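Read off the chains here:
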Amino acid sequence: MDKIIVKGGPALQGEVKVSGAKNAALPILASSLLADGVSTYRNVPDLVDVGTMLKVLNTMGCEAERLTGRQKNVCQVGVNGHITPEAPYDLVKTMRASVLVLGPLVARYGRARVSMPGGCAIGARPIDQHLKGLKALGAEITLTEGYVEARAKHLKGGTVNFDLITVTGTENVMMAAVLAKGRTVLENCAREPEIEELARVLNKMGAKIEGAGTSVITIDGVDSLRPVDHAILPDRIEAGTLLVAAAISGGDVLVKHAVPEHLEAVVMKLREAGCVITAENGGMRLKAPKGIHPVDVTTTEHPGFPTDMQAQLMVLMCVASGTSVISENIFENRFMHVAELHRMGADITIQGPTAVVKGVKKLSGAPVMATDLRASASLILAGLRAEGRTEVSRVYHLDRGYERLERKLRSLGADIRRVKA
Ligand code: EPZ
């Protein structure tokens, strides 16, 4: 298993480009199932999770591939009429977002057999709302031997009021509704930019979706969709992670392709912490302050502060000049980076869903272990600031969601390298 070695100290300088958004690429790749023909997706980040989604599509009989060389961020998915609408346990267990094929399969093929995604490190993450939505559109759902089986002669439009706000739940049911007969109204929807992006792609394919990005989405079913050629929007969480890297290292960095309106809550908190952030030629520049001010954060659904940035902001607060209170309201177990940060000298006390972070003068490098995707990024951020050498193991977690983060940081002056195991 690879490790990443970081030597703290250098203030990051220069400019870096954000890759395409993982959490847009995954549902968009799944949406290729809704149309026959070859769809082309550009600016697709080269990530393990994207590779898994391509594998899931190929297992079903699609011809899904990432192009090579200068086209390495282009993926093509060819769909013909002969699809086996099944997603096997051995793939779904490695990436729960595989469940996003459920809606397209039922909509297009009238049936689907998808392994129930187990829990994961950060929480139980059930899919009851996905199934509630599909049932409301007329699907018959059965759970057998760890698999969800969904069947429907032809989905019919209906109204779905989600009991809680779910990103992939909203995406799954929206994709099911685009080929249903009649109108579907989804209420209490998630409002992430990635949902707007998925709706943009579906509408380019011929769907009739309105309201994506708000809590009520209306879909008028159509008879068929056509393949698409689309460039994926930038990854706001990677952008936020790079901004924190500039802040914690005391640097001055331009994060190109970062979209300010996708990161308002994060930018607001970084400004409260003393950072100077300006929109600048197609990106955002962050100039770090001499000292980081403590800020309190509560994660909530978009447009609130994103849970996917909680670990990264916590690391910045570890070196603030005071106490910060960070509350994690979305997932029940998303503080696993805390134990590792303790090893680096951080002063953090967990009280249920809340972490009280007392800023310390310095962090010290240490061998630490990544436990989940965003935790692994936060440990690297800590290493940028810590005195001495930090060795992050189990970086396969990082590779699920960040495209060569260490190269990006090295290009900004960080003393960081990957050691192949
Ligand atoms: C998406 O996960 C993202 N993944 C996650 O990003 C992100 O953290 C999360 O949304 C919240 O923003 C993708 O988009 C591929 P949810 P998702 O359904 O859709 C509960 C990353 O680091 N819930 O919005 O699975 C659930 O347990 C990843 O890139 C139900 O109870 O999250 C959680 O507590 C991590 N029943 C809350 O809702 C359901 O049917 C929000 O989950 C669905 C969800």
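Nothing here was measured: the structure is a model prediction, and the numbers come from that model.

### Focus on the domain arrangement of the protein chain
Okay, so step 1: Split by domain assignment, the protein chain resolves into domain 1 (2-19 + 234-420) and domain 2 (22-231).
Okay, so step 2: The partner domain 2 presents 22 residues to the 23 residues of domain 1 that form the contact.
Okay, so step 3: Of the roughly 1900 Å² buried where domain 1 meets domain 2, counting both sides, 51% is carbon and sulfur surface.
Okay, so step 4: A per-residue breakdown of the area domain 1 buries against domain 2 is headed by His 302, Arg 400 and Glu 403, which together make up 31% of the total.

### Digging into the sheet that holds strand 21 (residues 354-358)
Okay, so step 1: Sheet architecture is open: four strands sit in the order 18-19-21-20, paired in mixed fashion. Strands at the two margins of the open sheet, each flanked by one partner only, are strand 18 (297-298) and strand 20 (347-351).
Okay, so step 2: For strand 20 and strand 21, the ladder comprises five bridges, and the chain directions are antiparallel. Considered in strand 21, the bridge of Asp 347 is made with Lys 358.
Okay, so step 3: Contacts from helix 10 (residues 310-317) reach strand 18, strand 19 (323-327), strand 20 and strand 21 within the one sheet, and its direction differs from that of strand 19 by about 170 degrees.

### Here's the deal with the pattern of salt bridges
Okay, so step 1: Tallied over the entire structure, the rule returns 25 salt bridges.
Okay, so step 2: Of the charged contacts, one joins Arg 66 and Asp 46 as a salt bridge, the two residues approaching to 3.5 Å between their closest N and O atoms. One end of the pair, Arg 66, is in strand 4 (residues 63-66); the other, Asp 46, is in the loop between strand 3 (37-42) and helix 2 (48-59), with 20 residues separating them in the sequence.
Okay, so step 3: Put simply, Arg 113 and Glu 86 hold a salt bridge, and the shortest N to O gap is 3.8 Å. Of the two residues, Arg 113 is situated in strand 7 (residues 111-115) and Glu 86 in strand 6 (residues 86-87); the sequence distance between them amounts to 27 residues.
Okay, so step 4: Classification of Arg 113 by relative accessible area gives partly exposed; the value is 21%.
Okay, so step 5: When its relative accessible area of 28% is taken as the criterion, Glu 86 is described as partly exposed.
Okay, so step 6: Put simply, Asp 2, Asp 399, Glu 406, Arg 418 and Lys 420 are held in one network by salt bridges that share partners.

### Comments concerning the packing of helix 8 (residues 236-248) against helix 10
Okay, so step 1: At a minimum axis separation of 10 Å, helix 8 and helix 10 run at an interaxial angle of 5 degrees. If you check the angle between helix 8 and helix 10, you find them roughly parallel. Residues Ile 237, Thr 241, Val 244, Ala 247 and Ile 248 of helix 8 form the contact with helix 10, whose participating residues are Gln 312, Val 315 and Leu 316.
Okay, so step 2: Across the contact of helix 8 with helix 10, the residue classes tally to six nonpolar, two polar and no charged.

### Observations regarding helix 8
Okay, so step 1: Between the first and last C-alpha of helix 8 there are 18 Å, a value that for 13 residues agrees with the 18 Å anticipated at 1.5 Å per step.
Okay, so step 2: Among the 13 residues that make up helix 8, 13 are buried, leaving the element largely enclosed by the rest of the structure.
Okay, so step 3: The backbone nitrogen of Ile 237 lies 2.9 Å from a side-chain oxygen of the residue at the head of helix 8, namely Asp 235.
Okay, so step 4: Just past helix 8, the residue Gly 250 takes up positive phi, approximately 75 degrees.

### Here we look at the site of the ligand
Okay, so step 1: The ligand sits among 21 residues. The nearest are Gln 129, Thr 166, Thr 168, Asp 308 and Ile 330.
Okay, so step 2: A distance of 2.7 Å separates a nitrogen atom of the ligand from a polar side-chain atom of Asp 128.
Okay, so step 3: Of all elements in the fold, only helix 1 (22-31), helix 5 (128-136), helix 6 (167-177) and helix 12 (373-385) reach the threshold of two or more residues within the shell around the ligand.
Okay, so step 4: Counting residues per element, the shell around the ligand draws most heavily on helix 5, which supplies three residues.
Okay, so step 5: A breakdown of the residues in the shell around the ligand according to their chemical character gives nine nonpolar, six polar and six charged.
Okay, so step 6: Shared between two domains, the shell around the ligand takes at least three residues from each, and those domains are domain 1 (2-19 + 234-420) and domain 2 (22-231).

The rules we used
- Numbering of residues starts from 1 in each chain and follows the order in which that chain's sequence is written.
- In keeping with the model being predicted, local features are shown solely for residues with a pLDDT of at least 70 and side-chain atom pairs are shown and tallied solely at 80 or more, while totals for entire chains, interfaces and linings include all residues.
- To obtain the side-chain values, all non-hydrogen atoms of the structure were included, while hydrogens and water were left out.
- In this document the domain limits rely on a domain assignment from an automatic tool or a database.
- Pairs of residues are marked as contacts when any of their non-hydrogen atoms sit within 4.5 Å.
- By convention, the term buried area covers the 1.4 Å-probe accessible surface removed from two parts as they join, with the contributions of both added.
- At least two bridges found by DSSP between two strands is the condition for calling them paired.
- Each helix is a run of DSSP H or I of at least 4 residues and each strand a run of E of at least 2, with the numbering of both proceeding from the N terminus.
- All axes are obtained by fitting lines to C-alpha atoms, using only the stretch in contact for helices, and the reported angles, taken between N-to-C directions, cover 0 to 180 degrees.
- The salt bridge criterion pairs a side-chain nitrogen of Lys or Arg with a carboxyl oxygen of Asp or Glu, the two atoms within 4 Å.
- Type-normalised accessible area, obtained with a 1.4 Å probe on protein chains alone, sets the label of each residue: buried when under 20%, exposed when over 50%, and partly exposed for intermediate values.
- When describing relative orientation, an angle under 35 degrees is termed roughly parallel and one over 145 degrees roughly antiparallel, while 65 to 115 degrees is termed roughly perpendicular and anything else oblique.
- All residues other than Ala, Val, Leu, Ile, Met, Phe, Trp, Tyr, Cys, Pro, Asp, Glu, Lys and Arg, Gly among them, are scored as polar; the first ten of these are nonpolar and the last four charged.
- The span expected for a helix works out to 1.5 Å for each residue beyond the first.
- What qualifies as a polar contact is a pair of N or O atoms within 3.5 Å, subject to a donor-acceptor requirement within protein and to the restriction that residues adjacent in sequence count only when both atoms come from side chains.
- We call a residue near a molecule or strand when any one of its heavy atoms sits within 4 Å of it.

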